[in-house]
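# A structural walkthrough
Here's the letter readout for the chains.
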Amino acid sequence: MKLIMAIIKPFKLDEVRESLTALGVQGLTISEVKGFGRQKGQTEIYRGAEYAVSFLPKVKIEVVVPDELAEQVIESIKSTASTGKIGDGKIFTIDVASAVRIRTGETNSDAL
């Protein structure tokens, strides 16, 4: 199993969720996060004064999938979340040693 974490622009969330659902992904976790990469934040003007916004709003998607589905999920997120501009985000993949569904006690792939 693989844990796939993707940091994307917030307005791309619905498109990404729809593409993952079409692949058969049955559950995912979403977190609203803030951060920066090469963008280094941005400058905004408020009431005539310029100030720097160091951290930009992003959405973090976390989904655990069987090994055989991982590449399709990564490719789907990459193509759906891309705008071609700086700040599109990152995708990280981590091996998952085990999973347990608390309600039923099912383990590993059955727990997904």
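A few points on the structure.

Grouped together as the largest cluster of nonpolar side chains are 16 residues, with contacts concentrated most on Ile4, Ile8, Val16, Val25, Val65, Val73 and Ile77. Of all the secondary structure elements, the ones that give two or more residues to this core are strand 1 (2–8), helix 1 (13–23), strand 5 (56–65) and helix 2 (67–81). A total of six residues in this core trace back to one element, the largest contributor, which is helix 2. Setting aside residues up to four positions removed in sequence, isoleucine 8 forms contacts with Leu13, Val16, Lys58, Val59, Ile61, Ala81 and Asp88.

Under the criterion given, the structure shown has six salt bridges. In this structure, lysine 60 and glutamate 62 form a salt bridge, with 3.9 Å as the shortest nitrogen-oxygen distance. For lysine 60, a relative accessible area of 22% puts it in the partly exposed group. Under the relative-accessibility criterion, glutamate 62 is labelled partly exposed at 22%. For the salt bridge of lysine 78 with glutamate 75, the shortest nitrogen-to-oxygen distance reads 3.4 Å. Remark: glutamate 75 and lysine 78 occur in helix 2; sequence separation between them is three residues, near one turn of the helix. We classify lysine 78 as partly exposed; its relative accessible area is 47%. You can call glutamate 75 partly exposed: its relative accessible area is 40%.

For the rest of this paragraph, the subject is the packing of helix 1 against helix 2. With their axes 9 Å apart at the nearest point, helix 1 and helix 2 run at an angle of 150° to one another. Between helix 1 and helix 2, the angle falls in the class roughly antiparallel. Taken as a pair, helix 1 and helix 2 cross one another with a handedness that is right-handed. Across from Glu15, Val16, Ser19, Leu20 and Leu23 in helix 1, the residues of helix 2 making contact are Leu69, Gln72, Val73, Ser76, Ile77, Thr80 and Ala81. For the contact of helix 1 with helix 2, the residue count by class is seven nonpolar, four polar and one charged.

Cut-offs applied
- Numbering of residues starts from 1 in every chain and runs along the sequence as written.
- Local features in this predicted model are restricted to residues of pLDDT 70 or higher, and side-chain atom pairs are both shown and tallied only at a pLDDT of 80 or more, whereas totals for entire chains, interfaces and linings draw on every residue.
- Note that water and hydrogens are dropped before the side-chain values are worked out from all heavy atoms of the structure.
- What is meant by a nonpolar core is a set of buried Ala, Val, Leu, Ile, Met, Phe, Trp, Tyr and Cys residues, joined one to another through side-chain atoms within 4.5 Å.
- Each residue's exposure class comes from its accessible area (1.4 Å probe, protein chains only) as a fraction of the maximum for that residue type: buried when under 20%, exposed when over 50%, partly exposed otherwise.
- In this text, helices come from DSSP runs of H or I with a minimum length of four residues, and strands from runs of E with a minimum of two, each type numbered from the N-terminal end.
- Contacts are assigned to residue pairs with any non-hydrogen atoms lying within 4.5 Å of each other.
- Criterion for a salt bridge: a side-chain nitrogen of Lys or Arg within 4 Å of a carboxyl oxygen of Asp or Glu.
- The convention used is that axes are lines fitted to C-alpha atoms, helices contributing only their stretch in contact, and that angles between N-to-C directions extend from 0 to 180 degrees.
- Between 65 and 115 degrees an angle is taken as roughly perpendicular, under 35 as roughly parallel, over 145 as roughly antiparallel, and anywhere else as oblique.
- Note: crossing handedness is left-handed where the near helix turns anticlockwise from the far helix by less than a right angle, and right-handed where it turns clockwise.
- Asp, Glu, Lys and Arg are counted as charged, while Ala, Val, Leu, Ile, Met, Phe, Trp, Tyr, Cys and Pro are counted as nonpolar; the rest, among them Gly, fall into the polar class.

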